[in-house]
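# Architecture and fold: a report
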Amino acid sequence: MRINHRHRVALAIAALSAAIGTAPVQTATAADVGASAAGLELSTNGTVNVNGAPGEADLTVTNPPAEDTYIRLDLHGAGLDHIRITDDAGTDVPSHYDPSDGSRRIFEIGAADSDHDGVPGAALAEGTTRLHVAAEYGVESHVSIYGRLVDGASGQFLDNAFEQGPIGMRLSSPSFSNSWESPGHGTGTNAAIAVSAGYPQPAHMRLTTRMGAMPSPPATTHSRLRFTARQLADAGYTASQLTKGVSVEYSADGSPYKAVAWTVDGSGSAVLDFPARAWGPDKPGEANEDLRLSASWELPSAGFLRGAFSTLADDGRQVLGQDQEFHFEHDYVPASARHSFYGRDAAGVLWQYKEGEYPDTTSRYYTPRTRVGGGWQAYDLLTKVSTFDVHGTGDLVARDRSGVLWYYRGSGDGNAPFLSRSRVGGGWQVYDTLVGAGDVTGDGRPDLLARDRAGTLWLYKGTGNPSAPFAARTRVGDGWNTYTMIAGGTDLTGDGRPDLVARDHNGVLWLYRGTGRATAPFASRTRISGGWNTYTTLTSPGDLSGHSHGGSLLARDHDGRLWIYFATGKADAPFGPRLEIGTGWNAYNSIV
């Protein structure tokens, strides 16, 4: 057996042999061959242009045996469906995949029992056959090709021709690349891009398409970004969540940015189609397209989302493509989602703490304190009515030592968070606990809970009227004097309704799930865990991580250390492990 090797030919391509039906350049009879070994020689004369004109390959059979023989061409690589080999008449060379190796495509020329003797193949003629190799988008550039003469009776190879290279010929194709810059995440090229949900500045991505290597590019193309339904599901998104939560603006070659609308196709894929652009001899061979990507804070926190960019010709044929991975992170918390809380010191000064912008990545769950004002020692009870945020929204009530309840409306100014107080009424000294419960009645207005000294819990429904903020009280239930501490006002179980937690005399913490019904605002209690008597204060300020399930719980221990418990959204285990976030909090006699 003789092996011929030529670097400039993709071996097997020539191997497609004269048996396809084209006339050989020259022939010889078996008697002329003598004892010389059979062989294959390969040569190519041209370039295979992806999506362009086919390249040419010549396969020469020398000294063919008289016995039944056929030619086998093996291609190894990825994307082999996108290679087409034809003879001079334009007839496709038949092929199939190796059942045991999906990366091997096998062409068998003349393997049929054309002489009907029960043996595959027939006697081959000596000579050269010209074949035509075309490649479309999708074929990998590194494809190995093997050309073989096969003895029909035994299946053994009589001769091998081998060369490694892009389908045995030089591939020339257009190219696509991208680069990006994302605030807080740096830059990257042809890599996964991270986008911070809620961040005020968009991430920027540049797509570069080069058509210069394509002799006859399409007249027009357009770029597409597509996420299949399966890709969305694998990442934990729905098409609706993505199309509502992610906005994209487009600019070509420095033109003004314009918003691009999402579509959802019949398969459930989310698709962005960008404007078409023209190519041709009078046009540059390279073009840039710029995207600005923004993700809203409401977009759920999910996994890595893989999609694909593609370049489509005007007839819908794909010319280029590249996978692209996105990660929409909730590492940044926008001001609209950041909360605040307050501490009153022994001198009666009220201090404000605001949630940080990057709580998880910096472990700074609150900013340095700022002074709200003095004189707050006049009150013996303080509680929020609604959750505070960094913009100065959220209301507070304070009871003075004569039993008068005062209402402080949020101002909408984070630097001066409260308006001047207004009087609610007297007689509130009958209560030993006040708790801002959030909207426990489901009417959209925050409510107030009050426990009297006999242990009865009362509900004051919010009215939405600042001059008379609460309706007449209604009774919730008795026996609440079993608890030494009560906190509430945020959703801990993930059902969208505010819940209540209460610590009993034994240090056991109990959960009361909100029902949204004024007549019975809480479900029966369930036990969370014991050991909570280590804390001197519990308060629920809202979600201080930016992405927990609705809320969190702050707890100060006897040593003045401040701990945070993030909600899990699970009623049977509403909190994750505690995290220490500060010391020295014994300086405050009230934390709300």
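Below is a summary of the structure that appears in this document. Nothing here was measured: the structure is a model prediction, and the numbers come from that model.

Definitions and cut-offs
- Residues numbered from 1 in each chain as written.
- Predicted model: local features only at pLDDT ≥ 70, side-chain atom pairs only at ≥ 80, totals over all residues.
- Heavy atoms only, no water.
- Helix = DSSP H or I, 4+ residues; strand = E, 2+ residues; numbered from the N terminus.
- Buried < 20%, exposed > 50% of the residue type's maximum accessible area, 1.4 Å probe, protein only.
- Contact = heavy atoms within 4.5 Å.
- Areas by Shrake-Rupley, 256 points an atom, 1.4 Å probe, with all protein chains shown as cover.
- Core = buried A, V, L, I, M, F, W, Y, C linked by side-chain atoms within 4.5 Å.
- Pairing = 2+ DSSP bridges.
- Axes fitted to C-alpha atoms, helices over the stretch in contact; angles between N-to-C directions.
- Salt bridge = Lys/Arg side-chain N within 4 Å of Asp/Glu carboxyl O.
- Phe/Tyr/Trp six-rings, centres within 6.5 Å; stacked < 30°, edge-to-face > 60°.
- Lys NZ or Arg CZ within 6 Å of the ring centre and 35° of its normal.

This next bit is on the overall build of the protein. In terms of helices and strands, the protein carries five helices and 43 strands. Relative to its full complement of 592 residues, the protein shows a buried share of 51%. For the protein, the share of sequence-separated contacts (at least 6 apart) that also reach a separation of at least 24 residues comes to 59%. Here the protein displays about 25500 Å² of accessible surface, and carbon together with sulfur accounts for 48% of that area.

A few words on the nonpolar core. Nonpolar side chains tend to gather and get buried jointly when the protein is soluble and globular. In terms of nonpolar packing, the biggest core is built from 38 residues, with Met-205, Leu-242, Phe-274, Leu-291, Phe-309, Phe-326 and Phe-328 touching the most fellow members. Not counting the four nearest positions on each side in its chain, Leu-242 is found in contact with Phe-227, Leu-232, Trp-262, Ala-270, Leu-299, Leu-305 and Phe-328. Listed in part, the 24 residues of the second largest apolar core include Val-48, Val-50, Val-93 and Ile-109.

This paragraph deals with the environment of Pro-498. Note that Pro-498 resides in the loop between β35 (483–490) and β36 (499–504). Counting along the chain gives 23 residues from Pro-498 to Pro-521, while the straight-line C-alpha distance between them is 9.7 Å. Setting aside anything within four residues of it in sequence, one finds Pro-498 in contact with Ala-437, Gly-438, Asp-439, Val-440, Gly-489, Thr-490, Asp-491 and Gly-514.

This part takes up the sheet that holds strand β12 (residues 175–182). What the six strands build is an open sheet, ordered β13-β12-β15-β21-β17-β18; its pairing is antiparallel. Two strands close off the open sheet at either side, each with one partner strand: β13 (186–189) and β18 (258–260). Each neighbouring strand pair of the sheet contributes to a mean axis angle of 25°, computed without reference to strand direction. The pairing of β12 with strand β15 (residues 203–210) spans seven bridges and is classified as antiparallel. Opposite Ser-179, over in β15, you have Arg-206 as the bridge partner.

Okay, the sheet that holds strand β20 (residues 270–278) next. The strand order across the open sheet formed by six strands is β14-β23-β22-β16-β20-β19, and the pairing between neighbours is mixed. A strand with exactly one partner marks an edge of an open sheet, and here the two such strands are β14 (193–196) and β19 (263–264). Pairing between β19 and β20: two bridges, direction antiparallel. What sits directly across from Val-264, in β20, is Ala-270.

A pair can form between side chains of opposite charge whenever their charged atoms are brought close. Under the defined criterion, the tally for this structure stands at 24 salt bridges. A network of salt bridges, in which partner residues are shared, links Glu-56, Asp-58 and Arg-130.

The topology assignment puts Ser-336 in the loop between β23 (318–329) and β24 (340–345). Sequence separation of Ser-336 and Trp-297 is 39 residues, and the distance between their C-alpha atoms is 9.0 Å.

Here the focus is unusual backbone geometry. The phi angle at Asn-63 is positive, at roughly 50°, despite the residue not being glycine. The topology assignment puts Asn-63 in the loop between β3 (55–62) and β4 (69–76). At His-116, a residue that is not glycine, the phi angle is positive and equals roughly 55°. A relative accessible area of 69% places His-116 in the exposed class.

Moving on, we come to the packing of aromatic side chains. Following the criterion strictly, the structure yields 36 aromatic pairs and no others. Ring centres of Trp-480 and Tyr-512 lie 4.6 Å apart, and the angle between their planes is 35°; on these two criteria the pair is classed as tilted. Here Tyr-512 lies in strand β37 (residues 509–512) and Trp-480 lies in the loop between β34 (474–477) and β35, a separation of 32 residues in the sequence. Exposure class is identical for Trp-480 and Tyr-512. Each is buried. Among the aromatic residues, those joined into a cluster by ring pairs are Tyr-342, Trp-376, Tyr-379, Phe-388, Tyr-408 and Phe-418. Over the ring of Trp-351 we find Arg-369; its NZ or CZ atom is 3.6 Å from the centre of that ring. We note Arg-578 situated over the ring of Trp-563; from NZ or CZ to the ring centre the distance is 3.6 Å.

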